Every structure is written in C-alpha cells, then in structure tokens.
Amino acid sequence: MTKPLLPAGDAAGSLREAGFALLIRERRPVGLDELAAATGLGAAATREAVATLAGAGWLDVADGRVAGAAGLSLATGPHRLTLGGARFRTWCAYDALGIVAALAVHGRLRTACGQCGIEIALTFRAGMPDRSDPERLWLAEAGADLRGSFCTPTVLLCGDEHGTAWAAVHDGRGRLLDLDAASRAGGADWAGCAAAARRLA
Ligand SMILES: [Zn+2]
Ligand SMILES: [Zn+2]
C-alpha cells in the first residue's frame with residue numbers, strides 16, 4: 001500500500017507526479033486505479049482530473065491508461081530518451097534534460113537541431129550531460145497551450161548560430177541556455193516528480 005503523495009488539495013500536481021513515478025517504475029501505461037491508489041484520490045476524482053489534464057495536454061492518455069506525464073511519455077514526443085535501458089519519449093527537449101537531472105541517473109538523449117535537423121546525441125552521467133557546448137536549449141516562454149506554445153518550440157540547437165536563428169524565428173519569446181544551465185534549471189523544475197519516483201520506487 002502506497003501512501004498519498006501530496007495533500008488532496010492539489011489533485012493535478014499529485015496525479016502528474018504519480019503518473020510520472022509509475023511510468024518510470026512500470027515502463028508501461030498506467031491504469032487509473034493505480035493512479036488512484038498512489039495519490040489517495042477517489043476513483044471518480046481521478047477519472048475527472050485525468051480527463052481535464054489530458055484535454056489540456058498535461059497527460060497522454062491512450063486506451064484509458066496514462067502513457068505520458070510531466071513530459072515523459074511512452075506515446076508521443078520527438079525526443080528519444082533512454083533511462084536505465086528503458087525507452088521513453090519527451091514532449092520537449094527541456095523535459096529530457098530536467099528529468100535526467102532531477103533523477104540524477106545515467107541516460108541517453110537523441111534528438112535533432114530544430115533549425116537544421118542534424119542529429120544531436122547526448123550522454124548523461126549522474127544526471128548531467130557529457131558536455132555543456134556547443135548545443136543550446138531554446139526554452140520557450142510558457143503560453144496558454146502547453147504543447148503548442150511551449151513544448152513544440154523548446155528544442156535543442158546544434159550551436160550558437162542555429163540558436164540565434166531559432167530565437168529569431170520565435171520572435172525572441174524565450175531564451176537560449178547552454179546544456180549545463182538547462183540541466184540545472186530543469187533538475188529544479190522536476191524535483192517534485194523525482195521525489196515521487198523515489199517514493200513509489
Ligand atoms: Zn515539455
Ligand atoms: Zn543546426
């Protein structure tokens with residue numbers, strides 16, 4: 001029996017973190033009954049909150065199961081992230097850096113420069129990328145639509161030149177970070193998810 005992760009007040013945050021933790025542990029889509037047990041939310045409240053979150057792009061749901069949460073997905077996303085031999089996708093490049101940093105694990109990321117499409121492969125040790133340069137992360141400003149206005153433009157660029165070009169395409173609505181800085185910022189943003197993963201391990 002697992003204890004609830006968070007006070008019942010924050011159902012959305014609790015479901016997001018529990019979904020993430022169970023995806024890491026199980027490496028398969030997670031049933032709503034499992035989420036209800038992990039969060040302590042009732043079955044009806046879980047069903048309702050999952051539908052709302054999925055509608056806003058905060059969860060991937062397939063065949064009635066949660067297949068993606070907090071950027072980590074078994075279903076959608078252009079960035080390929082391998083963690084402990086398990087293959088996942090992430091909705092944006094910042095998800096990948098933040099998730100690995102917060103979990104402080106080894107991993108591999110394969111993605112492409114948003115500007116020119118050249119493949120970018122990074123190896124992570126204890127959460128940090130094997131280099132800080134020359135690639136850059138474009139961290140888009142959060143907009144009303146999570147996937148469209150934030151995740152889709154939040155990609156890696158092969159270097160400063162394409163970073164600057166990408167920033168211009170997106171009217172400067174975001175900022176360029178080197179890989180170390182992006183990993184550190186993301187590690188803080190995914191700390192709650194990582195704590196849930198440890199708790200439900
Ligand atoms: Zn994202
Ligand atoms: Zn490029």
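Residues numbered from 1 in each chain as written. Chains lettered and ligands numbered in written order. Predicted model: local features only at pLDDT ≥ 70, side-chain atom pairs only at ≥ 80, totals over all residues. Heavy atoms only, no water.

**Details of the packing of helix α1 (residues 11-26) against helix α8 (residues 191-199)**
Consideration 1: Where α1 contacts α8, the axes come no closer than 8 Å and their chain directions differ by 55 degrees. Judged on the interaxial angle alone, α8 and α1 are oblique. Considering how the two elements wind past one another, α1 and α8 form a crossing that is right-handed. Seen from α1, the contacting residues are Arg 16, Glu 17, Phe 20 and Ala 21; seen from α8, they are Gly 192, Cys 193, Ala 194, Ala 196 and Ala 197.
Consideration 2: Its residues placed into classes, the contact of α1 with α8 shows six nonpolar, one polar and two charged. (Axes fitted to C-alpha atoms, helices over the stretch in contact; angles between N-to-C directions. Helix = DSSP H or I, 4+ residues; strand = E, 2+ residues; numbered from the N terminus. Parallel < 35°, antiparallel > 145°, perpendicular 65-115°, else oblique. Left-handed = near helix turned anticlockwise from the far one by under 90°. Contact = heavy atoms within 4.5 Å. Nonpolar A, V, L, I, M, F, W, Y, C, P; charged D, E, K, R; others polar.)

**Thoughts on the coordination of the zinc ion (ligand 1)**
Consideration 1: Protein ligation of the zinc ion (ligand 1) involves Cys 92 (SG), Asp 95 (OD), Asp 95 (OD) and Cys 151 (SG), the donor distances falling in the range 2.3 to 2.7 Å.
Consideration 2: Taken together, the four donor atoms coordinating the zinc ion (ligand 1) and their angles of 52 to 153 degrees define a geometry best described as irregular.
Consideration 3: Between the donor residues of the zinc ion (ligand 1), the gaps in sequence give the motif C-x2-D-x55-C. On the criterion of sequence distance, the pair formed by Asp 95 in helix α4 (residues 93-103) and Cys 151 in helix α5 (residues 146-151) is long-range, its members being 56 residues apart.
Consideration 4: Residue classification places Asp 95 among the buried residues on the basis of a relative accessible area of 4%. (Donors = N, O, S within 2.8 Å, 3.2 Å for Na, K, Ca; no water. Tetrahedral: all angles 85-135°; square planar, octahedral: opposite > 155°, others 65-115°. Buried < 20%, exposed > 50% of the residue type's maximum accessible area, 1.4 Å probe, protein only.)

Note that all results are geometric; they support no functional claim without further evidence.
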